[in-house]
Amino acid sequence: MSIEGMRNLCFSPKSSSSSSFSTSHFPSPFRFGSRPSFSESITDKTLETAEPMIMKWNPDSTTIAKVTSLFYENRKEAWDFIKAVNNLQKAMHLVAGDSNSEKLTRCQMLMQIAMKRLQKEFYQILSINRAHLDPESVSTRSSFISTRSSTSDYDDEDDDKIVVESISEVEDASSVAMTDLKLIAECMISSGYAKECMKIYKIIRKSIVDEGIYRLGVEKFSASQIHKMNWNALDLRINHWINAVKIAVKTLFNGERILCDHVFACSDSIRESCFTEISKDGAMILFGFPENVMKNSKKSPDKLFRVLDMYTGISNHWPEIDSIFSFDSTASVKSQALTSLVRLGEYVRTALNEFESTIQKDSSKSPVVGAGIHHLTIDVMNYLSILADYSTILSDILADSPQPQKNSLPEKSLFGFSDAEESPMPAISLKVAWLILVLLCKLDIKAEYYKDISFSYLFLANNLQYIVARVRTSNLKYLLGEEWLSKHESKVKLFSSTYERLGWGHVIDSLPKNPTVGTSPDKIKEVFKKFSSSFDQAYQKYSMCIIPDRELLDDIKTSIGEKIAPVYREFYNAHSAMVRRKRNLTCMIKFAPEDVENHLSNLFFWNN
C-alpha cells in the first residue's frame, strides 16, 4: 500500500460532513433570551476556547494545516490542543443527555476534526521517528532510565553528566516521540477513537518488526525446504539464527514491548492487542525455526554443537522471553519456544547415543605404528572436550532423560567413581564417564591386534595418558573430578610398568643382582653375552616407538634407565679388566656403560 493510500485509510473522518463544517451555522447561545444552565455555560466556555484551536489545525481547511505538523511546529500549542480536546470531551458528557442539543452536535463535529488531526499527527510521529523509535533506541532508553532510577543520590555528578551527554541526542528524540505518542493515544482512546489509533500503530510498528526479523537473516521455511537443504546451506541458516536470537529477544521484541507499554499505558487490553499483532508473527518464525530443523533434518553427532548453540540461544534468554511475551494472547509464542527446546533436547540425547554407537562401530584393525595414539582416541576426546563447554546446558537436557537402572550399569569403580549412594553423580558426569569407558573398552580390543603384548601395554599407556591429559586440561575435569583422574592416572602407571616388565624385564634379568661379586670367567662371559644380545634386541624393537606425552616419556625412560644403567656400570667396572686380558672374551663386550646410557637416552627418538 502506498503512503498516500495509507494516509487516506488512516485519516478518513468518522463523518464526511466534517469537511464542510462551519461555525456560522450555529446560533448564539442567547438567541432565545433564556438564561443558560451551568452545564451550558461550561460547554460554551469550552467551545469558545477549543473551537479556534481545533479549526486552526483542521487538515482540510488550509494548506498550512495540511502540510505542517502541530507537534513539530509548536509543542506547547500541541499540548494546548490536547488539553482543549480533553475539555471538549468533558463538555460533551455534560450535554449528552439532550440528543437534539445543537451544542452537542457542534462538539461532535469539532471532535471529528480534532481526531482527524490527531490521527495525522500520530501517523507522522511514528513514520518520521522510525530511527529514534527503533527497538534498540527504545531498549537503551529503558535501560538508562532503570539505571538512573536505582543510582544513589551520592553518585559522582561529573560521571553522570558524561553518561547523559553521550546518549542525550538519541534519548531526547526517542523520549519526545514516545511522550507525544502516549499523549495522542490517551486522548484518542478516551475520545472513543481507539480503533483508529491502534490501526495506525499496528501497521507501522509491525512493518518495523517484520523488517527487523528479515534483516537478522531469519526466514520462514517449509518442512520440505529444510529437508532439501544440504548441511552447508542449513548450517549457514542456523548460524544466522544463533546470531539473531539474542538481538531479537533483547532488542527487537523487548524494545517493542517497552514502546507499546508506554504508548498504551492507559489500557491493558489495547497494549496487549497491539503488541500481540505486531510481534507474534515474527516471534513464531524465530522460535519455530529450531523445531523445523529438528523435525526435518538428518540427525548426526557432527551437528550436535550447532544444536546445543540453538538450545543455548533459547534457554539463556528464557527469562526475557517469559517476561516479554507475558500476555495471554502471546502464550503461543512461549509454547513454541518451549516446543523447540524439547525438540532440541531430544536431538541432543539421540546424537549422544549415536556418538556412542559410532565409537563401538569403529572397525579399524591396523595397529598404530609405534604404539602411539589411535585416531579414535583423538576424535573422541576432541568431541568430549568441546561437549564439556556445554556442561550447564547438557545438565538441563540430560536431567530430563530417564536414568538407567543401577543393575544395568557396570560398577562405578569402572567409571572411576566411588559408589556413594548419598552423593550420586550428575547425569552429565555419568554420561561422559560412560562414553570414555566405551572408548577404553574399544582400545582394549585394538590393543590385541599387536603381535607383541608389550606393544599392547605401551599402546594402552599412551592412549590412557592422552585421555587423562585432555581431561585435566579441559572442562572435563570439573565433570569427572579428581577421584576419576587419580584412578586413571594409576592405571597409566600400571600399563607403563607392565610394558617395562614385558619389554625390558629380560634385559634387567640378564644382569646379576650382585654385580660386583666375583665369579668365573665363563659366567662373566655369559652375562656380557646375554646382556648385549637382550639390550640390543630391546633397543632395536622400541627405539621406533612413540610416547607423545613428555611426562610419561620421562617416567618410562627414567624407570628403565635406573634399573639397567647403574647395575651394568657396576658389573662392567668390576669385570671389564679381566675380560680385556682375555682376547677371546673382548668381543663379548658390545656396550660400554656410556653406550648403554646414550642408547637409553635416545629411546623413543621419534618424539624429538
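Please read these numbers as outputs of a predicted model, since none were measured by experiment.

Asker: Would you mind going over the overall build of the chain with me for this structure?
Answerer: If you tally the helices and strands in the chain, you get 25 helices and 0 strands. Out of the 608 residues in the chain, the part that is buried amounts to 46%. In the chain, the proportion of contacts linking residues at least 24 apart, taken out of those at least 6 apart, comes to 81%. Approximately 30,800 Å² of the chain is accessible, and the part contributed by carbon and sulfur atoms is 51%.

Asker: Looking at this model, I keep getting lost on the side chain of serine 532. Mind explaining?
Answerer: Structurally, the position occupied by serine 532 is in helix H22 (residues 521-542). Other than its neighbours up to four places away in sequence, serine 532 contacts Met588, Lys590 and Phe591.

Asker: Help me understand the packing of helix H12 (residues 268-296) against helix H15 (residues 331-361) in this model?
Answerer: The angle between the axes and the distance between the axes are what describe a pair of packed helices. The geometry of H12 relative to H15 is characterised by a closest axis approach of 8 Å and an angle of 15° between their N-to-C directions. Taken together, H12 and H15 sit at an angle that is classed as roughly parallel. H15 is crossed by H12, and the crossing has left-handed handedness. Two secondary-structure elements touch here, H12 through Lys280, Ala283, Met284, Phe287, Gly288, Pro290, Glu291, Met294 and Lys295 and H15 through Ser332, Val333, Gln336, Ala337, Thr339, Ser340, Arg343, Leu344 and Tyr347. In terms of residue class, the contact of H12 with H15 is made up of 9 nonpolar, 5 polar and 4 charged.

Asker: I tried to follow the packing of aromatic side chains on my own but got confused; where do I start?
Answerer: What describes a pair of aromatic rings is the distance from one ring centre to the other and the angle between the planes of the rings. Within this structure, the stated rule accounts for 24 aromatic pairs. Between phenylalanine 455 and tyrosine 542 the ring centres are 5.4 Å apart and the planes differ by 35°, which places this aromatic pair in the tilted class. Of the two residues, phenylalanine 455 is situated in helix H20 (residues 453-472) and tyrosine 542 in helix H22; the sequence distance between them amounts to 87 residues. Measuring from centroid to centroid gives 6.3 Å for phenylalanine 528 and tyrosine 568, while their planes differ by 85°, and the two rings are edge-to-face. Of this pair, phenylalanine 528 sits in helix H22 while tyrosine 568 sits in helix H23 (residues 550-581), and the two are 40 residues apart along the sequence.

Cut-off values and rules
Residues numbered from 1 in each chain as written. Predicted model: local features only at pLDDT ≥ 70, side-chain atom pairs only at ≥ 80, totals over all residues. Heavy atoms only, no water. Helix = DSSP H or I, 4+ residues; strand = E, 2+ residues; numbered from the N terminus. Buried < 20%, exposed > 50% of the residue type's maximum accessible area, 1.4 Å probe, protein only. Contact = heavy atoms within 4.5 Å. Areas by Shrake-Rupley, 256 points an atom, 1.4 Å probe, with all protein chains shown as cover. Axes fitted to C-alpha atoms, helices over the stretch in contact; angles between N-to-C directions. Parallel < 35°, antiparallel > 145°, perpendicular 65-115°, else oblique. Left-handed = near helix turned anticlockwise from the far one by under 90°. Nonpolar A, V, L, I, M, F, W, Y, C, P; charged D, E, K, R; others polar. Phe/Tyr/Trp six-rings, centres within 6.5 Å; stacked < 30°, edge-to-face > 60°.

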